[in-house]
Amino acid sequence: MSLINTQVQPFKAQAYQAGKFFEVTEQTLKGKWSVVVFYPADFTFVCPTELEDLADAHAEFAKIGVDIYSVSTDTHFAHKAWADTSPAIKKVQYAMIGDPTGTMTRNFDVMIEEAGLALRGTFVINPEGVIKVCEIHDLGIGRDAHELLRKVKAAQYVANHDGEVCPAKWVEGAATLKPSLDLVGKI
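Criteria and cut-off values
Residues numbered from 1 in each chain as written. Predicted model: local features only at pLDDT ≥ 70, side-chain atom pairs only at ≥ 80, totals over all residues. Heavy atoms only, no water. Phe/Tyr/Trp six-rings, centres within 6.5 Å; stacked < 30°, edge-to-face > 60°. Helix = DSSP H or I, 4+ residues; strand = E, 2+ residues; numbered from the N terminus. Buried < 20%, exposed > 50% of the residue type's maximum accessible area, 1.4 Å probe, protein only. Contact = heavy atoms within 4.5 Å. Polar contact = N/O pair within 3.5 Å; in protein donor to acceptor, adjacent residues only side chain to side chain. Pairing = 2+ DSSP bridges. Axes fitted to C-alpha atoms, helices over the stretch in contact; angles between N-to-C directions. Disulfide = S-S within 2.5 Å.

This brings us to the packing of aromatic side chains. Evaluation of the coordinates by the stated rule reveals eight aromatic pairs. Measuring from centroid to centroid gives 5.9 Å for Tyr39 and Trp82, while their planes differ by 35°, and the two rings are tilted. Here the residue Tyr39 occupies a position in the loop between β3 (33-38) and α1 (46-63), and Trp82 occupies one in helix α2 (residues 76-85), the gap between them amounting to 43 residues. Pair check on accessibility: Tyr39 and Trp82 agree, each one buried.

See below:
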């Protein structure tokens, strides 16, 4: 069963951000667009490159009203220690959620049960708490923040322009499509 167009399931977790610990729930994700990025573990190899890439693009996400949350099954304490020791993670200004119970990771269907770790799952959630983008990668395949930003902008565009859709490689300002009988077989 797909998570697309489903409501984010209830969770409660601790997060680390900018020197502070705080609680995050499914309600935290409501009211704004959110990106939730699951990754296997702190102090690893591909993960810091992805989180740093998101950190470098953080201002662009913020400019379009998007909050970013990274999640692993590590604790919020481990996230702080990682930020204190890794040059890449020091750049992170978005919330890093600890999910040691695996509640969030299971809710988003990215738990590797035998390892207690998350797959590389990326989710775009609208202000109503509904999942609009779901992408899951194998552990060895890193993600690109700018491609994610393009997808978020497409999701926002479609949400604000009833009856329009974004074709492949759509970028902000490019032409969209209005599905109709007239377009069938002409694209």
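So that's the structure; there's more coming.
Position of Asn107 among the secondary structure elements: in helix α4 (residues 103-107). Along the sequence, Asn107 and Ala159 sit 52 residues apart, while their C-alpha atoms lie 24 Å from each other. Among all residues touching Asn107, those that are not within four sequence positions of it are Leu3, Gln9, Pro10 and Phe11. A polar contact is formed between the side chain of Asn107 and the backbone oxygen of Pro10, at a distance of 2.9 Å.

Time to look at the sheet that holds strand β5 (residues 95-98). Ordered by their spatial adjacency, seven strands build an open sheet running β2-β1-β5-β4-β3-β8-β9, and the pairing between neighbours is mixed. Of all the strands in the sheet, the pair left with one neighbour each is β2 (20-25) and β9 (131-137). Across this sheet, the average inter-strand angle for adjacent strands is 25°, counted without regard to direction. By the bridge criterion, six bridges tie β3 to strand β4 (residues 66-72) in an arrangement that is parallel. Note that in β4 the partner of Phe38 across the bridge is Val71. Where α2 meets the sheet, its contacts fall on β1 (12-17), β2, β4 and β5, and the angle it forms with β1 comes to roughly 15°.

The subject of this paragraph is the state of the cysteines. Applying the stated criterion across every chain yields a total of zero disulfides. With no disulfide partner, Cys47 has as its closest neighbouring cysteine sulfur the one in Cys134, 18 Å distant. Judged by its relative accessible area of 1%, Cys47 falls in the buried class. No disulfide involves Cys166; its sulfur sits 19 Å from that of Cys134, the nearest cysteine. We classify Cys166 as partly exposed; its relative accessible area is 23%.

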